[in-house]
Amino acid sequence: MTPFERLVEYLANFSFRLSWVLKGLFLFGMLFYLAFGVIVIRQVGLMSKTLEGSFDLPIKIVAWAHLGMIIGLLLIILLAF
Amino acid sequence: MPDIYVAKDKEKKPEKPPTKLKAAKAETVADELKAQRTTNPLASLVIRPKKITFDTQERKEKIILLTRRHLITNFRWVLITVVMILLPSIVFRLFPEIFSSFRFRTLTLLTWYLLAFSYAFQNFLMWFFNVNIVTDERVVDIDFPNILYRDISSTKIDMIQDISVKMGGFVRSLFNYGNVHIQTAAEQREFIFEDIPQPEEVIKILNQLILEEEQEKLEGRVR
């Protein structure tokens, strides 16, 4: 079977699944969300550089945990769905 | 000829040691407020903070006052966050068949709760880092209007021309917070400390600092 025939067969047997669309949408949204998480890290860095205080470390930890949760969710979508 | 009356020599009174009155008068506003020092890092009105410094602070400059919006101004986003947290359980109770697939249901829930967390964290950051600082030399306004943008403006205490407070409405009167408007002779004509607690106290401290600055000028102790 030639590659072209295989493609034709695949297209003929192709069945549309809503879950794929949803997964694609989730992934697309998560990429933006990941960028947002990185920006939050930079934002916290800039803010705590501008105003240094005793509460900087907990805020930085929360910001990194936030990014970690976003990456975790992205992995869940990629692997489990 | 014998003396009829001889006046007794008056006993010399010992000289009093110099009083410390003058030294006490020289105490600065910064020293006076040390007794009222605030230690809570999440307070809205921080007097003489110990472990806080800011980007453009000079070496000998002391922070007298740090203000941020009153805690009650966070009520709106805290309420929205609570609603966001409770919403899924209400929706799933009302419409149990909305997500037939367990996987998508879990995924949607995780995403939703993470969004709620991001929303709350972002609002907290905006509240915590948008501050007004009064030092013994300047008034500094630090603003982060949006992500990755900062606006720092300052004016010298001796450039202040007029200070006024604007308070109105039920909630502001109840929780004693309002706006302090500072008119200056500098490039930036007005500084506004928005929704700060105890605005009268802030004005009192600012007036003390203005007087101190004038005194320093008269004595030629200007930095």
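Residues numbered from 1 in each chain as written. Chains lettered and ligands numbered in written order. Predicted model: local features only at pLDDT ≥ 70, side-chain atom pairs only at ≥ 80, totals over all residues.

Trainee: Got a minute to help me understand the pairing of strand β4 (residues 131-135) of chain B in this structure?
Mentor: Residues and elements named next belong to chain B. Within β4, five of the five residues are buried, leaving the element largely enclosed by the surrounding structure. Neither face of β4 is open: one carries V131, I133 and T135, the other N132 and V134, and all of them are buried. For strand β3 (residues 63-67) and β4, the ladder comprises four bridges, and the chain directions are antiparallel. Directly across from T67, in β4, lies its bridge partner N132. Sheet analysis places β4 next to strand β5 (residues 138-146), joined by four bridges and oriented antiparallel. Counterpart to N132 in the pairing with β5 is D141. Here β4 folds back onto β5 in antiparallel fashion, the turn holding two residues. (Buried ≥ 20, exposed ≤ 12 C-beta atoms within 10 Å, placed from the backbone. Helix = DSSP H or I, 4+ residues; strand = E, 2+ residues; numbered from the N terminus. Pairing = 2+ DSSP bridges.)

Trainee: Even after reading the chapter, I still don't get the domain arrangement of chain B, so can you show me in this structure?
Mentor: How big an interface is tends to be reported as the loss of accessible area on association of its parts. Looking at the assigned domains, one finds that chain B contains domain 1 (42-51 + 59-69 + 130-218) and domain 2 (75-125). The centre of domain 1 of chain B, based on its C-alpha atoms, is set 38 Å off from the matching centre of domain 2 of chain B. (Domains from an automatic or database assignment.)

Trainee: Can you help me understand the sheet that holds strand β7 (residues 160-166) of chain B in this one?
Mentor: Within a sheet, neighbouring strands are paired by backbone hydrogen bonds and run either parallel or antiparallel to one another. Residue and element names in this part refer to chain B. Spatial ordering of the open sheet is given by β7-β8-β9, a layout of three strands whose pairing is antiparallel. Every interior strand has two partners, whereas the edge strands, β7 and β9 (190-197), have only one. Looking at each pair of strands side by side, their axes are set apart by 15 degrees on average, direction ignored. As defined by bridge partners, β7 adjoins strand β8 (residues 177-184) across six bridges and the pair is classed as antiparallel. Looking at the pairing, D162 lines up with Q183 of β8. (Axes fitted to C-alpha atoms, helices over the stretch in contact; angles between N-to-C directions.)

Trainee: Even after reading the chapter, I still don't get the packing of helix α2 (residues 18-50) of chain A against helix α3 (residues 56-80) of chain A, so can you show me in this structure?
Mentor: Geometry of a packed helix pair, given as the angle between the helix axes and the separation of the axes. Residue and element names in this part refer to chain A. As a packed pair, α2 and α3 sit with axes 9 Å apart at the nearest point and diverge in direction by 165 degrees. Of the possible angle classes, the one that applies to α2 and α3 is roughly antiparallel. Judged by the twist between their axes, the crossing of α2 over α3 is left-handed. Of the residues in α3, those in contact with K23, F26, L27, M30, Y33, L34, G37, V38, V40, I41, V44 and S48 of α2 are D56, I59, K60, A63, W64, H66, L67, I70, I71, L73, L74 and I77. When grouped by side-chain class, the residues that make up the contact of α2 with α3 number 18 nonpolar, three polar and three charged. (Parallel < 35°, antiparallel > 145°, perpendicular 65-115°, else oblique. Left-handed = near helix turned anticlockwise from the far one by under 90°. Contact = placed C-beta atoms within 7 Å. Nonpolar A, V, L, I, M, F, W, Y, C, P; charged D, E, K, R; others polar.)

Trainee: Can you walk me through the interface of chain A and chain B in this structure?
Mentor: Tallying the contact residues gives 22 residues for chain A and 23 residues for chain B. Mapped onto the side of chain A that touches chain B, the elements with two or more residues apiece are α2, β1 (51-52) and α3 of chain A. Here the element with the most residues in the side of chain A that touches chain B is α2(A); it accounts for ten residues. Residue composition of the side of chain A that touches chain B, grouped by class: 14 nonpolar, five polar and three charged. For β1(A) and strand β2 (residues 53-54) of chain B, the ladder comprises two bridges, and the chain directions are antiparallel. What sits directly across from E52(A), in β2(B), is T53(B).

Trainee: Which parts of the structure should I look at to understand the sheet that holds β5(B)?
Mentor: Residues and elements named next belong to chain B. Strand order in this open sheet of five strands is β1-β3-β4-β5-β6, and the pairing throughout is antiparallel. One side of each edge strand has no neighbouring strand; the edge strands of this open sheet are β1 (45-47) and β6 (149-156). Recorded for the sheet is a direction-independent mean angle of 15 degrees between the axes of neighbouring strands. Bridging between β5 and β6 involves seven bridges; their strand directions are antiparallel. What sits directly across from D141, in β6, is S153. Where helix α6 (residues 199-218) meets the sheet, its contacts fall on β3 and β4, and the angle it forms with β3 comes to roughly 155 degrees.

Trainee: Help me out: how do you make sense of unusual backbone geometry in this one?
Mentor: Glycine aside, negative phi is the norm for most residues, and most peptide bonds take the trans geometry. Residues and elements named next belong to chain B. A positive phi is found at N176, a non-glycine position, where the angle reads about 55 degrees. Mapping N176 onto the fold places it in the loop between α5 (170-175) and β8. Residues other than glycine seldom take positive phi values, yet D195 does so here, at roughly 50 degrees. Mapped onto the secondary structure, D195 falls in strand β9.

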